[in-house]
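# Examination of the molecular architecture
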Amino acid sequence: MGTAANELKNRLSRYRQIKISVIGRKTRRTITVPVWFVLEGNKLYLLPVQGSATQWYRNVLQNPSIRLDARGAEAEFRATPVTAAKAVSSVVERFREKYGAKDVKKYYSKFDVAVLVKLD
């Protein structure tokens, strides 16, 4: 893991929100959005707010390159879609533990997919 990735990982343990950047599947432009995340060891989990209908998720399916930005500490990784129901509900559970079931219910409308980013 490079210095940038190490610095990013340090910040991830302290922050509640990060920015992700993905490449638009039609425009080929970089699209940046703020997201919540759950970090477990070297695994970072993302939950698209509208599940499989979320634009950034659909872009990741086309181009798995994803840039994570925790207030200036940035690094690029590969995103892996998580589609198995059991694995997705486990990610949803982690999000509820971190952010509270009420807020997860308030902001997220569909729980059919998640995304895994390995930080090593």
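To keep things clear, this report deals only with the structure shown in the data block.

What counts, and where the lines are drawn
Residues numbered from 1 in each chain as written. Predicted model: local features only at pLDDT ≥ 70, side-chain atom pairs only at ≥ 80, totals over all residues. Heavy atoms only, no water. Salt bridge = Lys/Arg side-chain N within 4 Å of Asp/Glu carboxyl O. Helix = DSSP H or I, 4+ residues; strand = E, 2+ residues; numbered from the N terminus. Buried < 20%, exposed > 50% of the residue type's maximum accessible area, 1.4 Å probe, protein only. Phe/Tyr/Trp six-rings, centres within 6.5 Å; stacked < 30°, edge-to-face > 60°. Lys NZ or Arg CZ within 6 Å of the ring centre and 35° of its normal.

## Brief notes about the pattern of salt bridges
- Tallied over the entire structure, the rule returns six salt bridges.
- In this structure, Glu7 and Arg11 form a salt bridge, with 2.8 Å as the shortest nitrogen-oxygen distance. Here Glu7 and its partner Arg11 are both found in helix 1 (residues 3–12), four residues apart, which amounts to about one turn of the helix.
- Its relative accessible area of 19% is what places Arg11 among the buried residues.
- Across the pair Arg67 and Glu74 runs a salt bridge whose closest N-O atoms are separated by 3.2 Å.
- Classification of Glu74 by relative accessible area gives partly exposed; the value is 34%.
- Residues joined in a network through salt bridges with shared partners are Arg67, Glu74 and Glu76.

## With respect to the environment of Gly2
- For Gly2, the location among the structural elements is in the segment before helix 1.
- The exposure class assigned to Gly2 is partly exposed, which follows from its relative accessible area of 43%.
- Each C-alpha atom, one on Gly2 and one on Ile20, is 19 Å from the other, the two residues being 18 residues apart in sequence.

## Here we look at the packing of aromatic side chains
- One pass over the structure, following the stated rule, counts six aromatic pairs.
- Summarising the aromatic geometry, the rings of Trp36 and Tyr99 are spaced 4.1 Å apart at their centres and angled 5° between planes, so their arrangement reads as stacked. One end of the pair, Trp36, is in strand 2 (residues 30–40); the other, Tyr99, is in helix 3 (residues 85–99), with 63 residues separating them in the sequence.
- Here Trp36 falls in the buried class, since its relative accessible area comes to 15%.
- A network of ring pairs unites the aromatic residues Trp36, Phe95, Tyr99, Tyr107, Tyr108 and Phe111 as a single cluster.
- Seen from the ring of Tyr45, Arg94 lies directly overhead, with NZ or CZ sitting 4.9 Å from the centre.
- In this structure, Arg96 is placed above the aromatic ring of Phe111, and the distance from its NZ or CZ to the ring centre is 5.6 Å.

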